[in-house]
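Residue-level structural notes
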Amino acid sequence: MAERDKFYITTAIAYTSRKPHIGNSYEIVLTDAIARYKRLQGKDVFFLTGTDEHGQKIEDYAKAAGVTPKQYVDKVAGEIREICDLLGTSYDKFIRTTDDYHEKVVQKIFKKLYEQDDIYKGEYEGMYCTPCESFWTESQLVDGKCPDCGGVVKPAKEEAYFLRLSKYQKQLEDFIESNENFIYPELRKKEMLNNFIKPGLQDLCVSRTSFKWGIPVDFDPDHVVYVWIDALSNYITAIGYDPDGSSDMYKKYWPADVHIIGKDIVRFHTIYWPIMLMALGEPLPKQVYGHPWLLFGEDKMSKSKGNVIYADDLVNLLGVDAVRYYLLSEMPHANDGSISYETIIERFNSDLANTIGNLVNRTIAMQNKYFDGVIQSGDVSEPIDDELKNFALDAVKKVEDGFTAYRIADAAEAILNLAKRSNKYIDETMPWALAKDEDKKARLGTVLYNLLESIRFIAVLLSPFMPQTSEKIFAQLGCDVKDYDSLAAFGATKAGAKVGTAEALFQRIDADKLIDELIAKQEAAAKTEAAAKPKEEEEVIEEITIDDFFKSDLRVAEILECEKIKKSNKLLKLQLNDGSGKTRQIVSGIAKWYKPEDLVGKKAIIVTNLKPVKLCGEISEGMLLSGEKDGEVAVTFVDLPVGAKIC
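One structure accompanies this document, and this report is about it. (Residues numbered from 1 in each chain as written. Predicted model: local features only at pLDDT ≥ 70, side-chain atom pairs only at ≥ 80, totals over all residues. Heavy atoms only, no water.)

Here's the deal with the overall build of the protein chain
- The helix and strand inventory of the protein chain stands at 21 helices and 26 strands.
- Here the C-alpha radius of gyration of the protein chain, 29 Å, is about what a compact globule of 647 residues would show, namely 26 Å.
- In terms of overall dimensions, the protein chain has C-alpha extents of about 90 × 80 × 45 Å along its principal axes.
- In the protein chain, buried positions account for 54% of the 647 residues.
- At a minimum sequence separation of 6, the contacts of the protein chain that also span at least 24 residues come to 75%.
- As presented, the protein chain carries roughly 28600 Å² of accessible surface, and 48% of it is formed by carbon and sulfur atoms.
- Distance between charge centroids for the protein chain: 2 Å, based on 83 positive and 104 negative side chains. (Helix = DSSP H or I, 4+ residues; strand = E, 2+ residues; numbered from the N terminus. Rg over C-alpha atoms; globule rule 2.2 N^0.38 Å. Buried < 20%, exposed > 50% of the residue type's maximum accessible area, 1.4 Å probe, protein only. Contact = heavy atoms within 4.5 Å. Areas by Shrake-Rupley, 256 points an atom, 1.4 Å probe, with all protein chains shown as cover. Lys, Arg positive; Asp, Glu negative; His and termini not counted. Charge placed at Lys NZ, Arg CZ, Asp CG, Glu CD.)

Examining the sheet that holds strand β21 (residues 603–607)
- One open sheet accounts for five strands, arranged β20-β19-β18-β21-β24; its pairing is antiparallel. The sheet is open, and its two edges are formed by β20 (583–588) and β24 (623–624), each paired on a single side.
- Both strand β19 (residues 572–577) and β20 contribute to a ladder of six bridges, which runs antiparallel. Pairing of N577 across the sheet is with T583, part of β20. (Pairing = 2+ DSSP bridges.)

Overview of empty space enclosed by the protein
- In the structure shown here, the tally under the stated rule is five cavities of 30 Å³ or more.
- By volume, the largest cavity is sized at about 50 Å³.
- Contributing to the lining of the largest cavity are L318, A322, Y325, Y326, I344, R347, F348 and L352.
- Every element with two or more residues in the lining of the largest cavity is listed here: α12 (320–330) and α13 (341–371).
- Counted by class, the lining of the largest cavity contains seven nonpolar, no polar and one charged residues. (1 Å grid on protein atoms, 1.4 Å probe; cavity = no way out; pocket = protein on both sides within 12 Å on 5 of 7 lines; lining within 4 Å. Points joined across faces, edges and corners; volume = space filled by probe spheres on them. Nonpolar A, V, L, I, M, F, W, Y, C, P; charged D, E, K, R; others polar.)

A short note on the side chain of D118
- You can see D118 is positioned in the loop between α4 (100–115) and β5 (119–129).
- When its relative accessible area of 1% is taken as the criterion, D118 is described as buried.
- Of the polar contacts made by the side chain of D118, one reaches the side chain of K167; its length is 2.9 Å.
- Side chain to side chain, D118 and Y168 meet in a polar contact 2.9 Å long.
- Here D118 is in contact with L113, F162, L163, R164, K167, Y168 and A279, once residues within four sequence places are set aside. (Polar contact = N/O pair within 3.5 Å; in protein donor to acceptor, adjacent residues only side chain to side chain.)

Brief notes about the packing of α13 against helix α17 (residues 441–462)
- Contact pair α13 / α17: the axes reach a minimum separation of 10 Å and the direction vectors enclose 145°. At the point where α13 passes α17, the crossing takes the left-handed sense. On α17, the residues touching I356, L359, V360, T363, I364, M366, Q367, Y370 and F371 of α13 are K441, L444, G445, L448, L451, L452, I455, I458 and L462.
- A class-by-class count of the residues in the contact of α13 with α17 yields 14 nonpolar, three polar and one charged. (Axes fitted to C-alpha atoms, helices over the stretch in contact; angles between N-to-C directions. Left-handed = near helix turned anticlockwise from the far one by under 90°.)

What to know about the sheet that holds strand β9 (residues 204–205)
- In spatial order, the strands read β6-β5-β7-β9; together these four strands make up an open sheet with antiparallel pairing. Bordering the open sheet on either side are β6 (134–136) and β9, each of which pairs with just one other strand.

Things to note about the environment of F135
- Its place among the elements puts F135 in strand β6.
- On the basis of relative accessible area, F135 is assigned to the buried category, the value being 11%.
- Along the primary structure F135 and E125 are separated by ten residues, whereas in three dimensions their C-alpha atoms are 8.5 Å apart.
- Excluding residues within four positions of it along the chain, F135 makes contact with Y124, M127, Y128, Q140, A156, E158, C205, R208 and Y226.

Thoughts on the pattern of salt bridges
- Under the criterion given, the structure shown has 36 salt bridges.
- A salt bridge links D32 to R324, with the shortest nitrogen-to-oxygen separation between them at 2.7 Å. Here R324 lies in helix α12 and D32 lies in helix α1 (residues 22–40), a separation of 292 residues in the sequence. Each member of the pair, D32 together with R324, is buried. (Salt bridge = Lys/Arg side-chain N within 4 Å of Asp/Glu carboxyl O.)

Thoughts on the layout of surface pockets
- Reported here for the second largest pocket is a volume of approximately 520 Å³.
- Around the second largest pocket sit 24 residues that line it, and W136, Q140, Q202, R267 and Y272 are the ones nearest its centre.
- Taken together, the elements giving at least two residues each to the lining of the second largest pocket come down to β6, α6 (186–197), β9 and α10 (266–280).
- Considering every element that reaches the lining of the second largest pocket, the biggest residue donor is α10, with four residues.
- Among the residues making up the lining of the second largest pocket, the classes are represented as 15 nonpolar, six polar and three charged.

With respect to unusual backbone geometry
- For the peptide bond that leads from Y184 to P185, omega is 0°, which places it in the cis range.
- Here P185 is to be found in the loop between β8 (183–184) and α6.
- Cis peptide bonds are those with omega within 30 degrees of zero, and the linkage from W254 to P255 qualifies with 10°.
- For D143, which is not a glycine, the phi torsion comes out positive at approximately 55°.
- Locating D143 in the fold gives a position in the loop between β6 and β7 (154–163).
- One non-glycine residue, Y406, lies in positive phi territory at about 55°.
- When you line up the elements, Y406 lands in the loop between α14 (383–404) and α15 (408–429).
- Residue classification places Y406 among the buried positions, given a relative accessible area of 7%.

Okay, structure coming up:
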């Protein structure tokens, strides 16, 4: 293909410290959907993903597990790749930063930059965050903690090599300001320019001597190449870059059309990476898209918080395409998205089972019932048909606009709306009524033809989102016209062909049963995570001031009513008198240890000034104080007046 038709797209490579959760998996599904859409348009796509496998954190995890770092990363990299495959991602290459070719080229890159004085030797002294593998100055810390993850930092001083970021600051600033779509969306661009670049870039530490699990600096073996030169270089080593002479593949695909990354690593991809490329004399990627996070409810998903959901657990319960659809349809363009048990089930039942699944099922069933499956010519049209046709053609445009602007949820909505409009068309035309009148047989054939063609549009447009479901729809349609160009006009379905058998695409979900299964898996994952955590990463009891303590409003409340929540076997809903004059509702996960009747009339301590949250559709306006040891939980009951403040 001509150069203009190539499309090189990458994810950030996943760090092999631990198995990725569903928030991490969102990125690979997002990137896969974009890659599939570009292929659908006829682009020559190369889709790269992989794993980042060096660093002190991995060395620590391997030690805690009693294995070598290589054994540890082999296991986790295998899990990451299995999840990519499970989610149906169509990557063209999976790179590991422990691959021999990558390590050799990274050593060459480091040496080249050193020899041209873009890397120099010095000494680093600052505060180091092991989970983020980042050095910080005292002024950069937030409340004495890492500004990225909020974790504990430790003083560190060691000899190191540095990359001269300051040398390229003006060149980078000019590039970003003259290439308006390089950092996308716009708010990420403003953040990089105003918060990091214009205040002045500090040279970057690019080697370490305090651990050994990394690529050795070949001319100074006491040092290993520090994370960013190693990790970021994967985008070019994977396609054949070499300072001594790059491959034809590299010349074909570089520069990348887009790096798809999380918003938390935009700085590394739009400051460190471009400067590395400038120093190497290589073109910069055309675009870096920093996508938002997928939250659990209102919280960032965190293994330490125990609010993690894993992709394989969801796939086993819902199926791969349902998980892909949820991730892609639920995430906003720039703001963080949210995943909760309720919204997963609601999306599945309403969008997939009721709207898309029901449309396909009843249309195929009617075609078989009224015409023995044979598709009619569709010649007897009425004005209402044009509304459906125009809606379908407009959906194609909306999907294209959505993918162009990385508003993938908008593209998903356009497809869903076409399914809704098609269901409405059934209600408007009433095929069952037309079937009762022999004179309306030709009109009935036209109505069903239009529905089948609309479903064909849906199947083509759905293929980047739900590839397996798309193929199932085509099988029921008995249709092999799947190309994107066929959506330029309405009417590519062939009259005279025969549809297949109507089969349900999605079975409605029993919400109560699924929520309990998901909660159980989440709790099991939290226990596994706690057991695998290195000692230095174990929970640290943070000292607070007396002022911090008094920010919590603890009061005695009497439990007036208590009942189980129907959607969950884990939660109880309590109505309490806290002395304020109105009843307070709290949802608590103590159903395993208490029956509702055991709690009514008891007095307990509650936290009254927590931000209200919704759990299983119920508002919780505080927290019931309890203690936990060895998996057993006990509520703190007291014999004090209602409303008494605990101090």
